[in-house]
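Architecture and fold: a report
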Amino acid sequence: MKQHWEEATQYPRAPHVPLMLSDRFKRETGEKLFCQPLAVRSSTGLDVKGWFYGTICVMEKCKIIHGPLFRVAGAKGKTHKRATMGDIEPMFMRILNRVQQRFKEVIPEEVSVDSEYSVYRSLRRGATAEAQNVGIPANVIEANNRWRKHMRSRGLLLGMSMMERYKDAKASIPSLIMFSGMLG
């Protein structure tokens, strides 16, 4: 992420935080690099850029400059490997339970965190629902969920217009950062 940081955060048309994903994605061949541009600051004032930059600095202090952000100890604790959703799930649930205990207005007491939330579904579904609730235009939501169309087509680009297929990635940054910028 660091190699793309300066270009993204200083991009003249729309400064943004580059959330870089690199891996083998479902129904894709070979390793792919995917960039999801995020707003520098959310509508509620959350300093997305500051949080990401702080994370990068902590990783560098730990001498981690490559590889996954979420990782677990490998064999004999000497190596690290990319954390799976199953590795992250227990931590995610502990955090949500703490949020519920401390901030009842965020997750009401009557909500069963263990039944209602999971890293496997909650984040994507919740972000889309919240985007609709705050009035983010449907075309912006669709642009941010474009991978869903691709997955439904089993890796083929069926049903997508020429504009959706070939539009310049940099030209779409302003509408893509609108999604994260308008969310709290």
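Everything that follows concerns the structure shown earlier in this document.
Reference entry: report on the structure contained in this document.

What follows deals with the packing of helix α1 (residues 2-9) against helix α2 (residues 48-61). It is at 12 Å that the axes of α1 and α2 come closest, and there the two elements cross at 155 degrees. Classed by the angle they form, the pair α1 and α2 counts as roughly antiparallel. α1 and α2 meet at a crossing whose hand is left-handed. Contacts between α1 and α2 involve Lys-2, Trp-5 and Thr-9 from the former and Lys-49, Phe-52, Tyr-53, Ile-56 and Glu-60 from the latter. Each residue belonging to the contact of α1 with α2 can be placed in one class, and the counts come to 4 nonpolar, 1 polar and 3 charged.

Counting through the fold element by element, Ser-118 comes out in the loop between α4 (113-116) and α5 (122-133). Exposure remark for Ser-118: the relative accessible area of 8% places this residue in the buried category. Of note is the side chain of Ser-118, whose polar atom sits 3.2 Å from the side chain of Glu-89.

Taken together, the side chains of Leu-69, Phe-70, Met-91 and Ile-95 make up a nonpolar region of the molecular surface, amounting to roughly 360 Å² of accessible area. On the secondary structure map, Leu-69 appears in the loop between α2 and β3 (71-73).

So, on to the packing of aromatic side chains. In total, this model carries 1 aromatic pair according to the counting rule given. A ring pair is formed by Trp-5 and Tyr-53, whose centres lie 5.6 Å apart and whose planes are at 40 degrees; its orientation type is tilted. Of this pair, Trp-5 sits in helix α1 while Tyr-53 is found in helix α2, placing the two residues 48 residues apart along the sequence. What makes Trp-5 buried here is its relative accessible area of 8%.

Cut-offs used in this document
- Every chain begins its residue count from 1, and numbering advances along the sequence as written.
- It should be noted that, the model being predicted, local features are given only for residues of pLDDT at least 70 and side-chain atom pairs only at 80 or more, the latter also being counted only at that level, while totals for whole chains, interfaces and linings use all residues.
- Here the side-chain values reflect all heavy atoms present in the structure, with hydrogen atoms and water set aside.
- Comment: axis = line fitted to C-alpha atoms, over the contacting stretch for helices; angle = value between 0 and 180 degrees taken between N-to-C directions.
- Under the DSSP-based scheme used, a helix requires at least four consecutive residues in state H or I and a strand at least two consecutive residues in state E, with every element numbered from the N terminus.
- Orientation is classified from the angle alone, with under 35 degrees giving roughly parallel, over 145 giving roughly antiparallel, 65 to 115 giving roughly perpendicular, and any other angle giving oblique.
- In a left-handed crossing the near helix is turned counterclockwise from the far helix by less than a right angle, and in a right-handed crossing that turn is clockwise.
- Whether two residues are in contact is decided by their heavy atoms: any pair within 4.5 Å suffices.
- Residue classes follow a fixed rule: Ala, Val, Leu, Ile, Met, Phe, Trp, Tyr, Cys and Pro count as nonpolar, while Asp, Glu, Lys and Arg count as charged, and any other residue, Gly among them, counts as polar.
- Burial classes follow relative accessibility: with a 1.4 Å probe on protein chains only, a residue under 20% of its type's maximum area counts as buried, one over 50% as exposed, and anything between as partly exposed.
- Two N or O atoms count as a polar contact when they lie within 3.5 Å, although within protein this holds only if one can serve as hydrogen donor and the other as acceptor, and sequence-adjacent residues are included solely when both atoms are side-chain atoms.
- Residues with no salt bridge and a relative accessible area higher than 30% make up the patches, which join like charges within 9 Å and nonpolar side chains (Val, Leu, Ile, Met, Phe, Trp, Tyr) within 5 Å.
- Note that accessible areas follow from Shrake-Rupley with a 1.4 Å probe, and for residues the cover is restricted to the protein chains shown.
- What makes a salt bridge here is a side-chain nitrogen of Lys or Arg within 4 Å of a carboxyl oxygen of Asp or Glu, nothing more.
- The rule is short: rings of Phe, Tyr and Trp, with Trp giving its six-membered ring, pair when the centres are within 6.5 Å, and they are stacked under 30 degrees, edge-to-face over 60, tilted in between.

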